[in-house]
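In case you want the letters, here they are:
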2 protein chains.
Amino acid sequence: MQIPTPHALAKCDDCPIRHRAVCARCEPNELQSLEEIKYYRSFEAGQTIIWSGDKMGFVGSVVSGIATLTQTMEDGRTQMVGLLLPSDFVGRPGREGAPYDVVATTDIVMCCFRKKPFEQMMAATPHIAQRLLQMTLDELDAAREWMLVLGRKTAREKIASLLSIIARRDASVSPNGAQSPMVFDLPLTREAMADYLGLTLETVSRQMSALKKDGVIRLEGKRHVTVPDMCRLMEEAGDDSDGGFLV
Amino acid sequence: MQIPTPHALAKCDDCPIRHRAVCARCEPNELQSLEEIKYYRSFEAGQTIIWSGDKMGFVGSVVSGIATLTQTMEDGRTQMVGLLLPSDFVGRPGREGAPYDVVATTDIVMCCFRKKPFEQMMAATPHIAQRLLQMTLDELDAAREWMLVLGRKTAREKIASLLSIIARRDASVSPNGAQSPMVFDLPLTREAMADYLGLTLETVSRQMSALKKDGVIRLEGKRHVTVPDMCRLMEEAGDDSDGGFLV
DNA sequence: TGAGCCACTTGATCTGCGTCAAGGTTGATG
DNA sequence: CATCAACCTTGACGCAGATCAAGTGGCTCA
């Protein structure tokens, strides 16, 4: 597994893997401080990174791989409440415990900072707190957008919404951008998709088949998706918004 | 309408109406700067405070009354994504437009700061950005808790969850705290409850009747609710969490 | 080569909630 | 006091999606 250079991670928006908590505008001595408290952790697919309620001694960014945030009721019903893709930030400066399980769904590498020193640094470096505020506002927007999906959309619209989010998120990373046709690999099992969408895995499977039959998507194997026409997909999602920041 | 004194609003956690964006720890000159950019606005029940997409030139706190954040699809389906009760913060420092409609559901008074000067002040006063970050994390937790409600709970559980949230929120304000039996007035119509819960108003009405028949709640009129046993209500809500910060 | 497992698909049936429709209650207004 | 409009309740019925169940394809491992 190749680890990106510290330098690349210290950059922000203009870097393919944006370590968005910190920023190219940092002074050299700030970057130096970050270097000193930085380390890498990797997890295998299926491993739980943090259990709900546990203390979380670090904050960090996803370097590669996928993780999910999930909540579980006593009787086992689960709802995914967040999807962490590369460059996404994890952690809650100023908070003790984690409010939900964080689970690696693929092998994953994270770039972490020990929490205490990071918090001290945040207190001393105003623009880091402001940057985190902006990122948290983004997450809040995504969560609220998702509330509309969960509360008001049909199963077919839910699937189309999820595909559209993953496709767009993928496009923002890939070198050729948002070209039709879009091609990507689903990072989630049918069950994980169901947990994200408040559906059962059978319904997910049926709706995927229906979208395929209707030519909205093509499927090679179970995970490799081709979207011949993104506009069509977004219509199916009931999405008029021209691509708000979703996940 | 009696307006609270500026002094009360400038306090934070220990104040009954916590103007949580600022804080008792502010220096006198910071408070003075806040005074200079502060003003009050009131709206009538039903009035839209901000339309989705419009520029929002202020940030502020709810002083009295209730407002909702709602998202709407082209075909008219709507989902409430936030409920603003007294002391809640509205606004997105560093952002231009509003991502959803903000609607007054009762007559409402807000204490506002013009956005530009507030942002400047935030840049100059690190602890304000940190305080806003904490508040935004709270909102994010609430939104994610709500995703579980929307995605996985039954209609009956949804209603019980909403009642439990409002009751607890009410208790944290009222002088006698969370005593059983709890008594409060629903600040929402059946339709607004439905929009919050991803249900129809008929289903809300039916489930309210069912909870009443089963003795979980008592109703005088349509809005005045008595909860003889909060534990019972929280069981109905499927809530094991001992009262996380929800709305 | 075959056994076993996992992720997924597909079918049959059931049910919770939406939809449509008909009242009931309350409070404001002339 | 009558009228009207919100707001709410209740019933009958239908359907989207859950549930239960059987089967498929591809992978690993012996």
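Above this note sits the structure.
Our subject in this report is the structure included herewith. In this text, all values refer to a predicted model and were calculated from it rather than measured experimentally.

This paragraph deals with the interface of chain A and chain B. On the chain B side, the residues contacting the 49 residues of chain A number 49 residues. Surface buried jointly by chain A and chain B totals about 4,500 Å² across both partners, of which 54% is contributed by carbon and sulfur atoms. Per-residue buried area on chain A facing chain B is highest for A:Arg144, A:Met147 and A:Arg152; these three make up 18% of the total on that side. Run the count over chain A and chain B and you get twelve salt bridges. Across the pair B:Arg77 and A:Glu157 runs a salt bridge, and its minimum N-O distance is 2.8 Å. Mapped onto the side of chain A that touches chain B, the elements with two or more residues apiece are strand 4 (67-72), strand 5 (78-84), helix 3 (115-124), helix 4 (126-152) and helix 6 (190-197) of chain A. Examining the composition of the side of chain A that touches chain B, we find that 21 residues originate from one element, helix 4 of chain A, more than from any other. Across the side of chain A that touches chain B, the residue classes tally to 22 nonpolar, twelve polar and 15 charged.

We now examine the protein's contact with DNA strand D. As a matter of local geometry, DNA strand D sits amid 17 residues, with A:Ala155, A:Thr203, B:Arg190, B:Ser205 and B:Ser209 nearest to it. Each atom of DNA strand D within 4 Å of the protein was assigned to sugar, phosphate or base; sugar and phosphate come to 63%. The contact in question runs from a phosphate oxygen of DNA strand D to an N or O atom on the side chain of B:Arg190, over 2.8 Å. Among the secondary structure elements, those contributing two or more residues to the surface near DNA strand D are helix 7 (201-213) of chain A together with helix 7 (201-213) of chain B. Among the elements that take part in the surface near DNA strand D, helix 7 of chain B stands out by supplying five residues, more than any other.

The rules behind these values
Sequence order as written defines residue numbering, which begins from 1 separately in each chain. Each chain is given a letter, starting from A, and each ligand a number, starting from 1, according to the order in which they appear as written. Per-residue local features of the predicted model are confined to residues with pLDDT of at least 70, and side-chain atom pairs are confined, for both listing and counting, to 80 or more; whole-chain, interface and lining totals are unaffected and use all residues. Excluding hydrogens and water, the side-chain figures rest on all heavy atoms present in the structure. Should any heavy atoms of two residues lie within 4.5 Å, those residues are counted as being in contact. Once two parts are joined, some of their accessible surface, as seen by a 1.4 Å probe, is lost; buried area is that loss totalled over both. Here, a salt bridge means any side-chain nitrogen of Lys or Arg that lies within 4 Å of a carboxyl oxygen of Asp or Glu. The secondary structure listing takes helices from DSSP runs of H or I that are at least 4 residues long and strands from runs of E that are at least 2 residues long, numbered from the N terminus. We call Asp, Glu, Lys and Arg charged. Ala, Val, Leu, Ile, Met, Phe, Trp, Tyr, Cys and Pro are nonpolar, and the rest, Gly among them, are polar. Any residue with at least one heavy atom within 4 Å of a molecule or strand is counted as near it. Pairing of N or O atoms within 3.5 Å defines a polar contact, subject to two protein rules: one partner must be a possible hydrogen donor and the other a possible acceptor, and residues neighboring in sequence count only if both atoms are side-chain atoms.

Fair warning: the whole summary comes from geometry, so function is off the table for now.
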